[in-house]
Amino acid sequence: MALITSSGFAHVRLTVTDIARSKAFYDKLFGWPIVIDSSESVDENGVRESPDKFYGGTIYATPQGTLFGLRPVGSETFDSTTTGLDHVSFAVESRDELEAAAKALGEAGITHGEITDLGGAGFIMSFQDPDDINIELTAPPAE
């Protein structure tokens, strides 16, 4: 038996090396409303080191009611191969929407992979954010 019953993720946060660059990327990519933005305070005394501070980050509200956050690295020792998420995935409603996303990414100059058919599991396409975190867009199987 599970210790906790959960209905899904409420908040995902990525650790990034350059908050301004990553914020511009995700603003352009999704355009979600920002609910907290303390990215201007990233260099204030103690912000990066103190776990009770917000780390000079940004939190977005997604249409699904979950939160997506960006937080700058807490030190100069950030290593993208060992720190932070290795990928994050977002769902779209259909293969047509996935194809439209691929076209929009291409037009915006964002390199992306091919749309892959996962059989009965749907479709997937990948691309990288500025910190080389793999972003996957998924769509359900065609009906």
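This is a predicted model, so every value here is computed, not measured.

The rules behind each value
- Residues numbered from 1 in each chain as written.
- Predicted model: local features only at pLDDT ≥ 70, side-chain atom pairs only at ≥ 80, totals over all residues.
- Heavy atoms only, no water.
- Pairing = 2+ DSSP bridges.
- Helix = DSSP H or I, 4+ residues; strand = E, 2+ residues; numbered from the N terminus.
- Axes fitted to C-alpha atoms, helices over the stretch in contact; angles between N-to-C directions.
- Contact = heavy atoms within 4.5 Å.
- pLDDT = per-residue confidence, 0-100.

Undergrad: Please provide a residue-by-residue account of the sheet that holds strand 3 (residues 58-61), values included.
TA: The mixed open sheet is built from 4 strands, whose spatial order is 1-4-3-2. A strand with exactly one partner marks an edge of an open sheet, and here the two such strands are strand 1 (11-16) and strand 2 (34-37). Neighbour-to-neighbour, the strand axes of the sheet open up by a mean angle of 15°, direction not taken into account. The pairing of strand 3 with strand 4 (residues 67-72) spans 4 bridges and is antiparallel. Paired with I59 across the strands is G69, a residue of strand 4. Its contacts with the sheet place helix 1 (residues 19-30) against strand 1, strand 2, strand 3 and strand 4, and it is angled at close to 155° to strand 4.

Undergrad: Hey, could you go over the confidence of the model for the chain for me, with residue numbers and the actual values?
TA: Of the residues in the chain, 73% have a pLDDT of 70 or more, and the chain-wide mean is 79. No element of the chain has a lower mean pLDDT than strand 1, at 80, and none a higher one than helix 2 (residues 95-107), at 93.

Undergrad: An account of the sheet that holds strand 8 (residues 134-139) is requested, with residue identities and associated values reported.
TA: Taken in spatial order, the 4 strands of this open sheet run 5-8-7-6, and their pairing is mixed. The strands lining the two open edges of the sheet, one partner per strand, are strand 5 (87-91) and strand 6 (116-117). Note that strand 6 and strand 7 (residues 123-128) share 2 bridges and pair antiparallel. From the neighbouring strand, T116 faces strand 7, where its bridge partner is I124. Sheet strands in contact with helix 2 are strand 7 and strand 8, and its direction is about 20° off that of strand 7.

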